[in-house]
Structures are given as structure tokens and as C-alpha cells.
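A structural walkthrough
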Amino acid sequence: MGGVTSSMAAKLAFFPPNPPSYKLVADEMTGLLLLSTFPHRENVEILKLPTRKGTEVVAMYIRHPMANSTLLYSHGNAADLGQMYELFVELSIHLRVNLMGYDYSGYGQSSGKPSEQHTYADIEAVYKCLEEGYGAKQEDIILYGQSVGSGPTLDLAARLPHLRAVVLHSPILSGLRVMYPVKKSYWFDIYKNIDKIQLVDCPVLVIHGTADEVVDCSHGKQHWELSKEKYEPLWLKGGNHCDLEHHPEYIRHLKKFVSTVEKPPSQRYTGSRRRSTDQQLEKLKNQSNYAEKLMVSFDQVERSRRSVDCCLEKSRKSVDHQLERGRKSVDRIRTG
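Residues numbered from 1 in each chain as written. Predicted model: local features only at pLDDT ≥ 70, side-chain atom pairs only at ≥ 80, totals over all residues. Heavy atoms only, no water.

Here's the deal with the overall build of the protein
Tallying secondary structure elements over the protein gives nine helices and 11 strands in all. Taken across its 336 residues, the protein has 45% of its residues classed as buried. About 18,500 Å² of surface is accessible on the protein, with carbon and sulfur atoms providing 54% of the total. (Helix = DSSP H or I, 4+ residues; strand = E, 2+ residues; numbered from the N terminus. Buried < 20%, exposed > 50% of the residue type's maximum accessible area, 1.4 Å probe, protein only. Areas by Shrake-Rupley, 256 points an atom, 1.4 Å probe, with all protein chains shown as cover.)

Quick word on the nonpolar core
Formed by 39 residues in total, the largest nonpolar core has its most connected members in Leu 72, Met 100, Leu 143, Leu 163 and Val 166. At the level of elements, strand S3 (44–50), strand S4 (56–62), strand S6 (98–102), helix H3 (116–134), strand S7 (141–146), helix H4 (150–157), strand S8 (165–169) and strand S9 (203–209) are the ones that each hand at least two residues to this core. Ranked by residues supplied to this core, first place goes to H3 with six residues. What Met 100 contacts, discounting residues up to four positions off in sequence, is Leu 47, Ala 59, Met 60, Tyr 61, Leu 71, Leu 72, Tyr 73, Val 126, Cys 129, Leu 130 and Tyr 134. One finds Phe 88, Ile 142, Tyr 144 and Val 167 within the second-largest nonpolar core, a separate group that totals 36 residues. (Core = buried A, V, L, I, M, F, W, Y, C linked by side-chain atoms within 4.5 Å. Contact = heavy atoms within 4.5 Å.)

Re the pairing of S8
The element S8 is extensively covered by neighbouring structure, given that five of its five residues are classed as buried. Alternating positions in S8 separate into two faces, Ala 165, Val 167 and His 169 on one and Val 166 and Leu 168 on the other, with burial throughout. Here five bridges tie S7 to S8, and the two strands are oriented parallel to one another. Its bridge partner lying in S8, Ile 142 is registered against Ala 165. Here S8 runs beside S9; their pairing, made up of four bridges, is parallel. Paired with His 169 across the strands is Ile 207, a residue of S9. (Pairing = 2+ DSSP bridges.)

Observations regarding unusual backbone geometry
The omega angle of the peptide bond from Asn 18 to Pro 19 is 5°, so this bond is cis rather than trans. Despite not being glycine, Ala 78 shows a phi value in the positive range, around 55°. Mapping Ala 78 onto the fold places it in the loop between strand S5 (70–74) and helix H2 (81–95). For Ala 78, a relative accessible area of 44% puts it in the partly exposed group. Although it is not a glycine, Ser 147 adopts a positive phi angle of roughly 55°. Looking at the secondary structure, you find Ser 147 in the loop between S7 and H4.

A closer look at the packing of H2 against helix H8 (residues 248–261)
Closest axis-to-axis distance for the H2/H8 pair is 10 Å, and the angle between their directions is 50°. Between H2 and H8, the interaxial angle falls into the category oblique. For the crossing formed where H2 meets H8, the hand is right-handed. Within the contact between the two elements, H2 uses Leu 91, His 94 and Leu 95 and H8 uses Tyr 250, Ile 251, Leu 254, Lys 255 and Val 258. Of the residues assigned to the contact of H2 with H8, the class counts are six nonpolar, one polar and one charged. (Axes fitted to C-alpha atoms, helices over the stretch in contact; angles between N-to-C directions. Parallel < 35°, antiparallel > 145°, perpendicular 65-115°, else oblique. Left-handed = near helix turned anticlockwise from the far one by under 90°. Nonpolar A, V, L, I, M, F, W, Y, C, P; charged D, E, K, R; others polar.)

Section: the packing of H3 against H4
Taken N-terminus to C-terminus, the directions of H3 and H4 make an angle of 60°; their axes are 9 Å apart at the nearest point. In terms of orientation, H3 and H4 fall into the oblique class. With respect to the hand of their crossing, H3 and H4 are arranged in right-handed fashion. Residues Thr 119, Tyr 120, Ile 123 and Tyr 127 of H3 pack against Gly 151, Pro 152, Thr 153, Asp 155 and Leu 156 of H4. Split into classes, the residues belonging to the contact of H3 with H4 amount to five nonpolar, three polar and one charged.

Here's the deal with the packing of aromatic side chains
Enumeration over the complete set of coordinates arrives at 11 aromatic pairs. Relative to Tyr 104, the ring of Tyr 102 lies with its centre 5.3 Å away and its plane at 90°, an arrangement referred to as edge-to-face. We classify Tyr 102 as buried; its relative accessible area is 0%. Members of the aromatic cluster, joined through ring pairs, are Phe 14, Tyr 120 and Tyr 191. Sitting above the plane of the Trp 235 ring, Lys 221 keeps its charged end 5.9 Å from the centroid. (Phe/Tyr/Trp six-rings, centres within 6.5 Å; stacked < 30°, edge-to-face > 60°. Lys NZ or Arg CZ within 6 Å of the ring centre and 35° of its normal.)

So, empty space enclosed by the protein
Summed over all chains, the structure comprises one cavity of 30 Å³ or more. Volume-wise, the largest cavity comes out at about 60 Å³. Considering the residues around the largest cavity, the lining is formed by Leu 34, Leu 35, Phe 38, Pro 39, His 40, Arg 41, Val 44, Ile 46 and Tyr 85. If you list the elements that add at least two residues to the lining of the largest cavity, you get strand S2 (33–35) and S3. (1 Å grid on protein atoms, 1.4 Å probe; cavity = no way out; pocket = protein on both sides within 12 Å on 5 of 7 lines; lining within 4 Å. Points joined across faces, edges and corners; volume = space filled by probe spheres on them.)

Below, the structure is given as C-alpha cells:
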């Protein structure tokens, strides 16, 4: 039953471009792998990586000479590396990061058939290549998941406690929740991101278009609300599911995010955390001002009390004196 359900879910969830937008060819001079529609670049490498599921995925690694971070990008549905190539090159340049993108099993020229479990094995193979082949450290890696790519991204992020950061671009709460507003997770659902986002320990940036008709913006907002370490989200007004990269705010916000997470953790007061800290400081300030006013009030009361006590003491002595004079006068009359 589980296999049947998984097969049905795969048919509903995955739409690899058919035919693929590129072919793999070998460069005549170097023998290196190339995507057929793009010329050789010195800083771009094309690889085929084996996965634990027995498939081979095609990946591309873009090197930036001034990079301090490496972005591992899991693309959205109905796309492959040929369609993502130019965007990946631009992101590497503008963000000053190394970038690794890949095609899921059954996408582009990657072998096998697409499935939830295959995508988990796919991203593990790519992450392993970054560590072993390029010397990337977990602390320097930013995972980026777009739409369906948020599934493998969060599955891996939930198991890596020392990641630099995570970017969720039009993320899904789960496969079923894209189609129906269900309130709980069912065993046959796929990509149960709603349960995994709460396990991510690094800063999380959420980007979503307010006019997204494929994955409602509420998915992105709930991801942000459930994140442990929130970064200021980017809600692109009027943005739909496939055009967010064309908004000027997109690249500006990403650059700011990467710059922030590359700082030491003690200097990362970002977005909501900064606002929260400011609110706490303001609250403490107000409490301090209130305490000062209260002390002034207490001083005034104390001075007033002392003044009254002094007046009462004088009045009491005056009355006592008058009573004593009256008593002596009566005593003289009696003895006279």
C-alpha cells in the first residue's frame, strides 16, 4: 500500500522537463563534461555523482574567487540545470558565493525516476561531494530550497546542526497541504516540511510572493513563524510562483542575508531578533523609568509623612502644655 501511495504521490508531485533542456557532452579539448547549450567556463564544473539509491545525478559547481560561503541550491519543479544555469552564474557573482546546483533523479540527464526518497539521497550525494571534493565545511554552507526543493533542503538541514543558514524560496508545508488545507500530517503525505522546519538550528530566510497561485503565501509565513532563528522575511508584493528572481528586492535581500550570516554569531542580530531585542530594551527602559518615578514618589510620600509627623508632634506638645497649665490652675483653685 505504501509503495502504491508513494508512486501516486510521485506522479502528482514531480514534473521533470520533457525533453530535458540540455544534453551532456565532452569538451573536445579537455574531455571535461559540459551542458550542450553552454560553452566551457573556467570556473564551472559539471559532474555526475552516485547516490545511495543507485542513481547518478548531474551537478554543476560554480567557483567564486572571493567566496566565504557555498550555496547548495535545490531547484523547483518543472526545471533542470539547463534552465537554471544562467541564474546560478548570476547568483554566484552577485552573492560572492560558490554555488552547487543539481538535477534530481529523473530530471535533466540524471538517471532514475523522481521520488521523495530519491531527492533525499540526491542532496546527500551533492552535500558529500561538497565536503569531500571541494573541502566545504558545514559551517560555511547555505542550503537553498525552491518550492519542491524545500523538501530535500529541510530534510538535510534538520540533520545538520552547524549549517551557516537556510533559504526557503516559495516553500511548501507538505505535498498534501499544497492541495488541501489539512490541519495534521498523514502517513501518505510527502515532504512534511511543517514538522522539519522546527528542527533547523541556523538562521532561516523565507522568500514568498503574495500572489503565488501554486503554493499559497501562507505556506511561507508558517515556515517563518515556526523557524527557531528567524531572519527578516521577504514577502514580494504581487510576486507569483515563478518570477521572484526578477524583482529587484530579491537579490538585494539575499545579499544582505548572506552578508549577515557570514558574520560571527554574536553579531547576527537580524530581522525579528533585532526588533525583539529592541523591544526588550525598550521594556526594560520603561521599567527603569517607572522605578525611578516610583522612588521619587516614595521620597515625596516619606517627606510628606515626616512633615505631617512633625506637625502632629508640635500640636501634641502644644495640647499637652495647655492641658498641664489648665490642670495646675484648677489645682490652685482647689487648694485655695
